[in-house]
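What follows is the residue order along each chain.
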Amino acid sequence: MKAENLYHTGIVVDDLEATMDWFTKTAGYTWTDVVTVDQQGVTPAGAITIPLKMVYSGCEPRLVLLQ
């Protein structure tokens, strides 16, 4: 596999907006609309709801940021 064969790379971040701003200022990235969803998960202690915010880059190399 080569880097150019990757469609996108996901990065987990603590602060979505600050990370978007950094990538925009540093590398000229543009972004789609931020999506906010409640992700359902199952742990040994039972079901949980995980609040999730994510955004896709509008340019290459493609990134998805997940908070």
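Whatever comes next refers back to the structure up there.
Residues numbered from 1 in each chain as written. Predicted model: local features only at pLDDT ≥ 70, side-chain atom pairs only at ≥ 80, totals over all residues. Heavy atoms only, no water.

Draft legend 1. Fine view of the side chain of Ser57. Take Ser57: it is sitting in the loop between strand S3 (46-56) and strand S4 (63-66). A polar contact of 3.1 Å, which involves the side chain of Ser57, links it to the backbone oxygen of Cys59. In terms of polar contacts, Ser57 uses its side chain to reach the backbone amide nitrogen of Leu63, at 2.8 Å. Once residues within four sequence positions are removed from consideration, Ser57 is found in contact with Tyr29, Thr30, Trp31, Arg62 and Leu63. (Helix = DSSP H or I, 4+ residues; strand = E, 2+ residues; numbered from the N terminus. Polar contact = N/O pair within 3.5 Å; in protein donor to acceptor, adjacent residues only side chain to side chain. Contact = heavy atoms within 4.5 Å.)

Draft legend 2. Structural detail: the packing of aromatic side chains. Summed over all chains, the structure comprises 4 aromatic pairs. When the ring of Tyr29 is compared with that of Trp31, the centres are 5.6 Å apart and the planes differ by 20°; the resulting orientation is stacked. According to the relative accessible area criterion, Trp31 is buried, its value standing at 18%. What links up through ring pairs into an aromatic cluster is the set Trp22, Phe23, Tyr29 and Trp31. (Phe/Tyr/Trp six-rings, centres within 6.5 Å; stacked < 30°, edge-to-face > 60°. Buried < 20%, exposed > 50% of the residue type's maximum accessible area, 1.4 Å probe, protein only.)

Draft legend 3. Examining the nonpolar core more closely. In this structure, Val13, Leu16, Met20, Phe23, Tyr29, Trp31, Val55, Leu63 and Leu65 together form the largest nonpolar core, which totals 9 residues. When residues of this core are traced back to their parent elements, those giving at least two are helix H1 (16-27) and S4. Examining the composition of this core, we find that 3 residues originate from one element, H1, more than from any other. (Core = buried A, V, L, I, M, F, W, Y, C linked by side-chain atoms within 4.5 Å.)

Draft legend 4. How the structure looks around the sheet that holds strand S2 (residues 35-43). Taken in spatial order, the 4 strands make up an open sheet running S1-S4-S3-S2, and their pairing is mixed. Across the chains shown, the open sheet's two edge strands, defined by having one partner strand only, are strand S1 (9-12) and S2. Averaged over neighbouring strand pairs, the angle between their axes works out to 35° when direction is ignored. With 9 bridges connecting them, S2 and S3 associate as antiparallel partners. Looking across to S3, one finds that Gln40 is bridged to Thr49. Strands S1, S3 and S4 of the sheet are contacted by H1, whose axis makes an angle of about 150° with S4. (Pairing = 2+ DSSP bridges. Axes fitted to C-alpha atoms, helices over the stretch in contact; angles between N-to-C directions.)

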